Amino acid sequence: MPYSLTLTHLYPDHLNLYGDTGNLIVLRRRCQWRGIDCTITPLTMGDRPKPGQTDLYFMGGGQDNDQVAVVEDFHQLKADTIKADTEAGVVFLGVCGGYQLMGNTFLMGNGQETPGLGIINVNTKAPGTEVKQRCIGNLVAEIPDAMYQDIQSLYADPQTANSQTTDARTTDSRTGAPHTIPKTLVGFENHSGQTFLGEGVEPLAKTIAGFGNNAAADYEGARYKNVFGSYMHGSLLPKNPHFADYLIGLALRRKYQDPTLTLPPLSDTEELEAHAYAVARYGPTRD
Amino acid sequence: MNQLLLIPIVAFAKVLTVVLRLSGRGSGTALPGYLVGKYFPFALGVLVQQIPTVVAITGTNGKTTTQTMLDAMVSQGDGIKILRNKAGANLSQGILSELLKQSNALGRLDFTHAILEVEEATLPRIAALLKPQVIAVTNLYRDQLDAYGEIDRTEKLIRDGIAQCPQAQVVVNGDDPRTSRLTQGLPNPTYFVSLAEEYARFLPYEGKLHHREPGTPGLEATDIRINEDLTTDFAIHGTVADQTIEIAQARTASPGFFHVYNALTALTMATLMGLPPDLAIQGLQTFQPAFGRGEILSRQVGDKTVHYRLLLVKNPASFSLSLELLRHIPALKLILAINDNTADGKDVSWLWDSELERLNQAHLDWVLCSGIRAKDMRVRLKYALDQPPATIPTVESIQDAIDQSFAHALPGDTVFVMPTYTAMLEFRKLMGKTLDIV
């Protein structure tokens, strides 16, 4: 049966720093290449959505003025719907400002802590005396084993690893060559806010290079149900095609109520080479 | 008194320059300016005040081209001696180094005009010392975001710079919502340069296009035509310093809408500096594109010559607009060379804000990705193209990219090269060009 997905881009006019739009370009193309009908709906100032109308939300980061402008609109017109949707398992991806805003507090550029939407239990604070500069640079982090196994289960023909030491593979749809599914995520971070996870929220990945959530901890991003937050720009999804597929897979499985639904493999040579290059160049030296 | 104090300072700087050169530690352009600026901050002002006419050009894109165009225009006048800083040397130490280098042993500068390119955040730090008669702001686009964080901040810095110079006449991009509001509430006489709305509305400004009121002082370009050889024709109308200017056809040797703004900005500045507009337009015809900005380099081996046209890309706006130009090129051969060195910006997120999708309307013959981030570039291209080629070659080394493209090209072909800043410098060097310009 032909599948379809509705993606909602929150505040595309206001929260669009750092190539965040690249995430939507990637989701749309990867759906298109698989014959999944994909509609992207912008949701901007003044729009009042209803629950149950979208399969995946995306929210990027913005400049301070814009973040202040949207937060009030978000509280008044959108928070209830998004809270209801995400509690029901709708997929949400927030990057940087879009991640911070979902939490209990977020940080303005002048260091002022401001109430966020409280949809996920994270707090973003100003850097203390121990952190004097922004967290800025290339970021490499490793996803948890459970999520890695979930990702393997998405593909129609994963040559599943027998043990955790062997990388799982899938097949290039164009050349038939095996692709290794990375256990890592790569991106570029640039934030002064220090984010701390509260109860019920898991980190998205363990930091190998760079800072991630805050300069003290070794973890990057957050997950609560199907809500994902990350500091990775770059954009996040182009060089992490396995994570892009994970979001698509979660959205499809939820929409079609089929936990065994799988995705046909794509030819990801270019994406995975860029990913491997980033790990080799910006990750720690391998022994 | 200050003038006398200059003598030992200038002597020190000149000796240091020679020592640095002899010891092989660079061309000696940055350190003397840095040290003098740090310990004798008044030197910049004392040096520059000897030059009767000083003008400054700032903004995110087009500073170098506008400076080069204005230089070509002003050179048409009699008895003119122009001092200008080189592209890239647009921080305060770079400007100071140039003044020190050009002065004689007594600290005297024998120039009639200084045409200075000033980096955006540097303007408020040196505006009061420079006291420019004219300040031009080409535009305010988001640049590499890790440089200053936010464009709002850059806008404020430039406004602070202008506020220190109440005597300066200001020329701004009249379509850019950010630059067109820079002098609101300030006493500076302001001139707006703009394109007819049918062109301006396609440009990637942030926010709503500024609407130009009829009768606003400044210049407007109409009837813009980009030619196949990438020259641009346009007509000019407007008023500058109570003079009516009507030019039926002007041509720039550089391609695209950005360069029309640059030409209008340079023409407005030249007119404010007292040059007759007709003479300035004559000067524009002698303008050669600044390095990397539409410049053509040729490589010849035996009987085979291949031309390389460089279109520097530094942010989404310049990338998207250059891609727009390439739609007009038959059988386009393209090298995209992306580095992530400090001068390029370490973050390559901006590739995703650049509208590579515009290549879907181009006649793409072949494309090659190069530079440190060649692989990132290739992913961006793969997702942009409706029908991506089966393989898009990536050649990290720029030397290899030149060799492969030369081997692949037919004699007489023009290959378009879109490099980031350090990739452009490297490309020019490999093609036998020194880093010094005009």
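In the block above lies the structure referred to throughout.
Residues numbered from 1 in each chain as written. Chains lettered and ligands numbered in written order. Predicted model: local features only at pLDDT ≥ 70, side-chain atom pairs only at ≥ 80, totals over all residues. Heavy atoms only, no water.

S.K.: How should the environment of H408 of chain B be read in this particular structure?
M.R.: Tracing the sequence through the fold places H408 of chain B in helix α15 (residues 398-408). Separated by 75 residues in sequence, H408 of chain B and K333 of chain B place their C-alpha atoms 9.9 Å apart. (Helix = DSSP H or I, 4+ residues; strand = E, 2+ residues; numbered from the N terminus.)

S.K.: Before we go on, may I ask you to explain the pairing of strand β1 (residues 4-10) of chain A in this structure?
M.R.: Working note: regular strand, side chains alternate between the two faces of the sheet. Residues and elements named next belong to chain A. Of all seven residues making up β1, five are buried, and the element is well covered by its neighbours. Relative to strand β2 (residues 37-43), β1 runs parallel, the two sharing seven bridges. Each residue of the ladder has a partner; that of T8, found in β2, is T41. By the bridge criterion, four bridges tie β1 to strand β3 (residues 56-59) in an arrangement that is parallel. Its bridge partner lying in β3, T8 is registered against Y57. (Buried < 20%, exposed > 50% of the residue type's maximum accessible area, 1.4 Å probe, protein only. Pairing = 2+ DSSP bridges.)

S.K.: Could you clarify how one ought to interpret the interface of chain B and chain A in this entry?
M.R.: By convention, interface size is frequently given as the accessible area that disappears when the constituent parts associate. Contacts between the two partners involve 30 residues from chain B and, on the opposite side, 34 residues from chain A. A combined buried area of about 2,800 Å² lies between chain B and chain A, and 48% of that area is made up of carbon and sulfur atoms. Here chain B is connected to chain A by six salt bridges. Here K382 of chain B and E270 of chain A are joined by a salt bridge, their closest N and O atoms 2.9 Å apart. Counting only elements with at least two residues in the side of chain B that touches chain A, the list comes to α7 (145-148), α8 (151-163), α13 (350-353) and α14 (374-384) of chain B. (Contact = heavy atoms within 4.5 Å. Buried area = accessible area lost by both parts, 1.4 Å probe. Salt bridge = Lys/Arg side-chain N within 4 Å of Asp/Glu carboxyl O.)

S.K.: Is there a simple way to explain the nonpolar core in this structure?
M.R.: Inside soluble globular proteins, nonpolar side chains tend to come together where they are buried. Ranked by internal contacts, the top residues of the largest apolar core, which has 99 residues, are M102 and F243 of chain A together with F319 of chain B. For this core, the leading source of residues is helix α5 (residues 241-255) of chain A, giving eight residues. Excluding residues that lie within four positions of it along the chain, F243 of chain A makes contacts with L93, M147, L185, L204, F228, L236 and L237 of chain A. Grouped together as the second largest cluster of nonpolar side chains are 49 residues, V134, Y199, L203 and F287 of chain B included. (Core = buried A, V, L, I, M, F, W, Y, C linked by side-chain atoms within 4.5 Å.)

S.K.: Honestly, the packing of helix α1 (residues 21-33) of chain A against α5 of chain A in this entry has me stumped. Any pointers?
M.R.: Geometry of a packed helix pair, given as the angle between the helix axes and the separation of the axes. Residues and elements named next belong to chain A. Put simply, α1 and α5 touch, their axes get as near as 10 Å, and they point 75° apart. Compared by their axis directions, α1 and α5 come out roughly perpendicular. Residues V26, L27, R30 and C31 of α1 touch α5, and the partners they reach there are P241, A244, D245 and I248. When the residues that make up the contact of α1 with α5 are grouped by side-chain class, the tally is six nonpolar, no polar and two charged. (Axes fitted to C-alpha atoms, helices over the stretch in contact; angles between N-to-C directions. Parallel < 35°, antiparallel > 145°, perpendicular 65-115°, else oblique. Nonpolar A, V, L, I, M, F, W, Y, C, P; charged D, E, K, R; others polar.)

S.K.: I keep staring at the sheet that holds β3 of chain A and nothing clicks. Help me out?
M.R.: Within a sheet, each strand pairs with its neighbour through backbone hydrogen bonds, oriented either parallel or antiparallel. All names here are of chain A. An order of β2-β1-β3-β4-β16-β15 is seen for the six strands of this open sheet, with the pairing classed as mixed. A single partner strand is all that each edge strand has here, and the edge strands are β2 and β15 (222-224). The mean angle between the axes of side-by-side strands here comes to 15°, regardless of whether they run parallel or antiparallel.

S.K.: Just checking my understanding: could you explain the packing of aromatic side chains for this structure?
M.R.: Centre distance and the angle of the planes are the two values used to describe a pair of aromatic rings. One pass over the structure, following the stated rule, counts 13 aromatic pairs over all chains. Between Y141 of chain B and F258 of chain B, the aromatic rings sit 5.9 Å apart at their centres with planes inclined by 85°, giving edge-to-face as the arrangement. Placement of Y141 of chain B in the loop between β4 (134-137) and α7 and of F258 of chain B in helix α10 (residues 257-272) is noted, with a sequence separation of 117 residues between them. Assigned by exposure class, Y141 of chain B and F258 of chain B land together as buried. Here the aromatic residues W33 of chain A together with W352 and Y383 of chain B are joined through ring pairs into a cluster of three or more. Lying across the ring of F196 of chain A, K125 of chain A places its NZ or CZ 5.5 Å from the centre. The ring centre of Y219 of chain A lies 5.8 Å from the NZ or CZ of K206 of chain A, which sits over that ring. (Phe/Tyr/Trp six-rings, centres within 6.5 Å; stacked < 30°, edge-to-face > 60°. Lys NZ or Arg CZ within 6 Å of the ring centre and 35° of its normal.)

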